[in-house]
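Architecture at a glance
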Amino acid sequence: MNVQKSIIALLALLFTLPLLAQESNTAQEKVNGIVARYLQENKVNELATYLQSLKTCPTKAVKVENIPNFCVVKAFRRNGQIADKDLNDQIGPIHLQIQAGAGKEAYAVVDRVSIFKALEYGLREKYKALYHTSSVAFNKENYVAFYNKYKDTWLKNDVKQLIKSYWVWPQNRNFDDLGAATINLMIFAKEAKLPVKEFMVIPRRVSRTFMEGAWDRAIKENERELFHTLKYHTMMYYLSENAKIDEGSAYIIMPEYALRGGMLSFLLIAGPGGTIPMEVKRGVTNLVHQCEEQVRKYQKCPGYHKEEIADAKKVCEKLKAQAIEHKVYIKNAEELRTEAKAKAQKKLQKEAETPIISRYIHF
């Protein structure tokens, strides 16, 4: 009798699969609403208890009676849930395998719910209720007040992550917009008494417009020191010993060396001691040597023409000349000897060309 009931339950479930699939978006919305309600009522600890009660999606086949209404992609953990995933990830239904006996396969469509998306939704709605404006419209006073509301709770890291990674960034991510947004983040950190360096977001590709956007925003907010801090760390990111350019074809790599050279005058800034850090000088010198090594590799590759090799050499020569001009190139012993020899020869040549005039003139 029990076997018959199980078969009937299984058949009923299989016939309802299309209906379950049609409701695949409702579970996330329901959890979003519950999270938002807890936050609206300032029940932060109760919210944690609720989130801890949510079960993660099974990784193995389950019995019919154990099929969940929905499951979460990743189990809740305090301090940093939002940082675990990207809010842009699409959360769709999963086909959960059911234990249907040997040689049989059956699946149920079950909603997957994202806790970090629910938290983002709830915190965004809470912000809107408090300040009657969108959370993505930067306002340093509101941001600081909102962070302070949760800084002594398990939500503090989630709030910081949302502000840093999702709320401040503009939809149209031009480099100048990114520069302005980075200054906004640094202003928030300064006002909230958080480490400013933690909120700097330096793009993976060096760009003059990024720095210009940051400068314009810093001037408007009278935060020149924050800009200088950003510029210093940007210099260290692109020009220090740890900075590298990945290997690749000349069409991809050589423009990167040219770009670094062109940005030297724009990025260089004295450190705390009033001089360019030695780490930067070594880094720029390494870039020059890496560029020259790349050219040697291209010379051995039969796929490049002489004109292409010549153009690559010019990039390295210009990079080196710019590094020397800005006094951030460290000459090796051989270069110093060659330079000293050239100076000595020039001096001898000058002396040879200078007419000898006696001090005493006799008539």
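Described below are features of the structure shown in this document. Bear in mind the structure is a predicted one, so any value in this text is a computation, not a measurement.

Calculation rules
- Residues numbered from 1 in each chain as written.
- Predicted model: local features only at pLDDT ≥ 70, side-chain atom pairs only at ≥ 80, totals over all residues.
- Heavy atoms only, no water.
- Disulfide = S-S within 2.5 Å.
- Helix = DSSP H or I, 4+ residues; strand = E, 2+ residues; numbered from the N terminus.
- Buried < 20%, exposed > 50% of the residue type's maximum accessible area, 1.4 Å probe, protein only.
- Pairing = 2+ DSSP bridges.
- Salt bridge = Lys/Arg side-chain N within 4 Å of Asp/Glu carboxyl O.
- Phe/Tyr/Trp six-rings, centres within 6.5 Å; stacked < 30°, edge-to-face > 60°.
- Core = buried A, V, L, I, M, F, W, Y, C linked by side-chain atoms within 4.5 Å.
- Contact = heavy atoms within 4.5 Å.
- Axes fitted to C-alpha atoms, helices over the stretch in contact; angles between N-to-C directions.

1. Some words on the state of the cysteines
Taken as a whole and judged by the stated rule, the model has 2 disulfides. There is a disulfide in this structure between Cys-57 and Cys-71, and the S-S distance comes to 2.1 Å. Disulfide Cys-57-Cys-71: the torsion about the S-S bond is 85°, which places it as right-handed. Highlighted residues: Cys-57 in the loop between helix H4 (44-53) and strand E1 (70-72) and Cys-71 in strand E1, separated in sequence by 14 residues. Each member of the pair, Cys-57 as well as Cys-71, is classed as buried. Between Cys-291 and Cys-316 runs a disulfide, and the two sulfur atoms are separated by 2.1 Å. Here the S-S torsion is close to -90°, and the disulfide linking Cys-291 with Cys-316 is therefore left-handed. With a gap of 25 residues between them, Cys-291 in helix H13 (residues 278-300) and Cys-316 in helix H14 (residues 306-325) connect regions that are remote in the sequence. Sequence-ordered numbering of the bonded cysteines in the protein gives a pairing of 1-2, 3-4.

2. Comments concerning the pairing of strand E2 (residues 94-98)
For a regular strand, side chains alternate in direction, first toward one face of the sheet and then toward the other. Side-chain alternation along E2 places Ile-94, Leu-96 and Ile-98 on a buried face and His-95 and Gln-97 on a face that remains uncovered. Pairing between E2 and strand E3 (residues 106-113): 5 bridges, direction antiparallel. Across the sheet, His-95 pairs through a bridge with Val-109, a residue of E3.

3. A word on the pattern of salt bridges
Applying the stated criterion across every chain yields a total of 10 salt bridges. With a closest N to O distance of 3.8 Å, Glu-125 and Arg-124 form a salt bridge. Given a relative accessible area of 26%, Arg-124 falls into the partly exposed group. Taking the shortest distance from any N to any O, the salt bridge between Lys-190 and Glu-223 comes out at 3.0 Å.

4. Some points on the packing of aromatic side chains
Inspection of the entire model under this criterion finds 17 aromatic pairs. Between Phe-138 and Tyr-143, the ring centres sit 5.2 Å apart and the planes meet at 70°, which makes this aromatic pair edge-to-face. Overall, the relative accessible area of 0% leaves Tyr-143 in the buried class. Note on Tyr-147 and Phe-188: the rings are 6.1 Å apart at their centroids and 90° apart in plane angle, and the pair reads as edge-to-face. One end of the pair, Tyr-147, is in helix H6 (residues 140-150); the other, Phe-188, is in helix H8 (residues 175-191), with 41 residues separating them in the sequence. The exposure classification of Tyr-147 matches that of Phe-188, with both residues buried. Through pairs of rings, three or more aromatic residues link up here, namely Tyr-127, Tyr-131, Phe-138, Tyr-143, Phe-146, Tyr-147, Tyr-150, Trp-167, Phe-188 and Phe-199.

5. Some points on the nonpolar core
Membership of the largest hydrophobic core comes to 85 residues, with the highest contact counts inside it found for Leu-51, Leu-239 and Met-254. Those residues within four positions of Met-254 in sequence are excluded, and the remaining contacts are Cys-291, Val-295, Tyr-298, Ala-312, Val-315 and Cys-316.

6. Considering the sheet that holds E3
An order of E1-E3-E2 is seen for the 3 strands of this open sheet, with the pairing classed as mixed. Only two strands of the sheet have a single partner each, and these edge strands are E1 and E2. This sheet shows a mean twist of 50° between the axes of neighbouring strands, independent of strand direction. Lying on the sheet, helix H3 (residues 26-40) is in contact with E1 and E3; it crosses E3 at an angle near 35°.

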